[in-house]
Amino acid sequence: MVISLLSPNKISQVESRRESLASELNVRLLDRANLIATKAVDHIMAELHQNMTKGSINCKMTSQHMAFTLLGATIFGDTFLAWLKSTIYEELLMMVAKDACFWASYSVIPFWKQGFWRYRRLCTELKWLTQDLVQQCSKYRQYRHMEPSANLGMEAGVFLQDNISLQEINGRHNVRDESCGNIMSLLFHGCLTTGGLINNMLMRLVTHPEIQHKIYSEIIMAKKGSEDKAQPVVEKMPLLWATIYESARVMPAGPLLQRCSLKHDLRLKSGVIVPAGAILVVPMQLVQTDDSSWGNDAGKFNPYRFLSKTEKTSASPNMDASIAGHAEELKDQRKCTFVLKDPNKNPAFLPFGSGARACVGQKFVTQGVATLFASLLEQYEVRLRSGSKTNSKPSTNYSMSQDFLSSELVFARRNN
Ligand code: HEM
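Note that the coordinates shown come from a computational prediction; the quantities given were computed from them, not determined experimentally.

Caption draft 1: Here's a closer look at the overall build of the chain. Across its full length, the chain holds 13 helices and eleven strands. Evaluated residue by residue, the chain yields a buried proportion of 45% over its 416 residues. Put simply, of all contacts in the chain between residues at least 6 apart along the chain, 76% involve residues at least 24 apart. When the accessible surface of the chain is totalled, it reaches about 21,800 Å², and 55% of it is carbon and sulfur.

As structure tokens, then:
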């Protein structure tokens, strides 16, 4: 495990970087999360409208691209959405991600393999492109400084607004390389995991049309009750959130979590002692589908496990009567409402890890994915293309073990 090789000094550096990133994502970003996600989602939807003219859409490619755009727009802001090289950047990022673990598995540099040198060239190109993007953000910031009245919506990215990256990138060469490395690592991890979650959500929605239909009603109802019609009020969509959590539960982004206590032996509740330095491995999928934590239907997709019902004493007068086509459901929803449970209350819910090294991106990525699906499902019904199979065995495309289902989907435009 990497951390066991670090000196105490390095460990405190890692901890302080983790804290800066966490506060960047969870404090500053969350204030603007809706705006950023909505802007990125508008961009994704515009592309989707164009692609729909070509007929069906590949689930794997689409989810990967949605994740890339969502994260790119969050990290780099408007500059990313206008950047002409983003398509080539996405291709390169995915090519490098595909091969990275394979080449890292050699204990000596495999200089005799041509493939390795090809991979190294791709990494160098990726680094140059990352630097180019960071430079564009930097120029954009200077321009904004000169033109304070210009209001282009988002600023030049969340991480690039303060000393996390730009100061370092403008500094010494090796620090610049390290910063690019950090940005690329975040993009690798973020794109693969977020792409996996979006992919899994899409497949669950097409195989459970009744859930998709109910989420659609929820979206329409939330919109009716909201003053700002342009911005989806995802907080009022408990079933959508529950579907995100349930998708992450049934198919986690990675197979294992690892932990290592460097200094002290650990005594588990069962009395077992884990000696200092030993690596503890948690098999995520097993824990997340274990009957003793999740009940008899642990292996089934059931978002309602994350919701609790509250009975209503009287129907609210203005509610939803005008929403055509959903009368039955709305009757149900008048009788009771659903409240979202906190998924992290169940210690067996581990898609984002747990404790001191848990994923720092959880809050903002779930917010982004919720906003994406609220816009998507409001405008489209997602179906499987006739003849296309929901291959239940996902292809492990990346050595990072993120599984993607590659069925063909149709996005049928709704007549809202
Ligand atoms: C659906 C999307 C995502 C999933 C499922 C996911 C999952 C995970 C998991 C399982 C871990 C290891 C946690 C542990 O060992 O307890 C992790 C770590 C991490 N994630 Fe994510 N992640 C996602 C998206 C993101 C995004 C978008 C970012 C940032 C842009 C991010 C940043 C991080 C960081 C920095 C760590 C390392 C934390 C540390 O070691 O202290 N993640 N993530």
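Read on, since the account is not over.
Caption draft 2: Structural context of the site of the ligand. Taken together, the neighbourhood of the ligand is formed by 23 residues, with Arg18, His189, Arg259, Arg357 and Cys359 sitting nearest. Interatomic distance of 3.1 Å between a backbone N/O atom of serine 354 and an oxygen atom of the ligand. Sorting the residues of the shell around the ligand by element identifies α1 (8–52), α7 (173–207), β2 (256–260) and α13 (362–379) as the ones contributing at least two each. At six residues, α7 tops the list of elements feeding residues into the shell around the ligand.

Caption draft 3: Spatial organisation of the nonpolar core. Ranked by internal contacts, the top residues of the largest apolar core, which has 84 residues, are Phe76, Leu202, Phe373, Leu376 and Phe411. A per-element tally of this core places α7 first, with 13 residues. Those residues in contact with phenylalanine 411 that sit more than four places away from it in its chain are Leu48, Met52, Ile57, Leu202, Leu376, Tyr380, Glu381 and Val382.

Caption draft 4: Structural view of the coordination of the iron atom of the ligand. For the iron atom of the ligand, the full set of protein donor atoms is His189 (NE2) and Cys359 (SG), and the range of their distances to it is 2.1 to 2.3 Å. Between the six donor atoms coordinating the iron atom of the ligand, the angles at the centre fall across 85 to 179°, so the site counts as octahedral. Linking histidine 189 in helix α7 with cysteine 359 in the loop between β7 (336–340) and α13, this pair joins segments that are 170 residues apart in sequence.

Caption draft 5: Helix α9 (residues 238–250), seen in detail. Here α9 is 13 residues long and its end C-alpha atoms lie 18 Å apart, about the 18 Å a rise of 1.5 Å per residue gives. Of all 13 residues in α9, 13 are buried; the element is thus mostly enclosed.

Caption draft 6: Fine view of a nonpolar patch on the surface. On the surface, Val108, Ile109, Phe111, Trp112 and Trp117 cluster together to form a nonpolar patch covering roughly 570 Å² of accessible area. Topologically, valine 108 is positioned in the loop between α4 (86–104) and α5 (114–146). On the basis of relative accessible area, valine 108 is assigned to the exposed category, the value being 52%.

Caption draft 7: Structural detail: the environment of alanine 40. Mapped onto the fold, alanine 40 is located in helix α1. Residue classification places alanine 40 among the buried positions, given a relative accessible area of 0%. When the C-alpha positions of alanine 40 and leucine 70 are compared, they lie 5.5 Å apart, and in sequence the two are 30 residues distant. When sequence neighbours within four positions are dropped, the list of residues in contact with alanine 40 reads Thr69, Leu70 and Ala73.

Criteria and thresholds
Residues numbered from 1 in each chain as written. Predicted model: local features only at pLDDT ≥ 70, side-chain atom pairs only at ≥ 80, totals over all residues. Heavy atoms only, no water. Helix = DSSP H or I, 4+ residues; strand = E, 2+ residues; numbered from the N terminus. Buried < 20%, exposed > 50% of the residue type's maximum accessible area, 1.4 Å probe, protein only. Contact = heavy atoms within 4.5 Å. Areas by Shrake-Rupley, 256 points an atom, 1.4 Å probe, with all protein chains shown as cover. Near = heavy atom within 4 Å. Polar contact = N/O pair within 3.5 Å; in protein donor to acceptor, adjacent residues only side chain to side chain. Core = buried A, V, L, I, M, F, W, Y, C linked by side-chain atoms within 4.5 Å. Donors = N, O, S within 2.8 Å, 3.2 Å for Na, K, Ca; no water. Tetrahedral: all angles 85-135°; square planar, octahedral: opposite > 155°, others 65-115°. Expected span 1.5 Å × (residues − 1). Patch = residues over 30% accessible without salt bridge, like charges linked within 9 Å, V, L, I, M, F, W, Y side chains within 5 Å. Salt bridge = Lys/Arg side-chain N within 4 Å of Asp/Glu carboxyl O.

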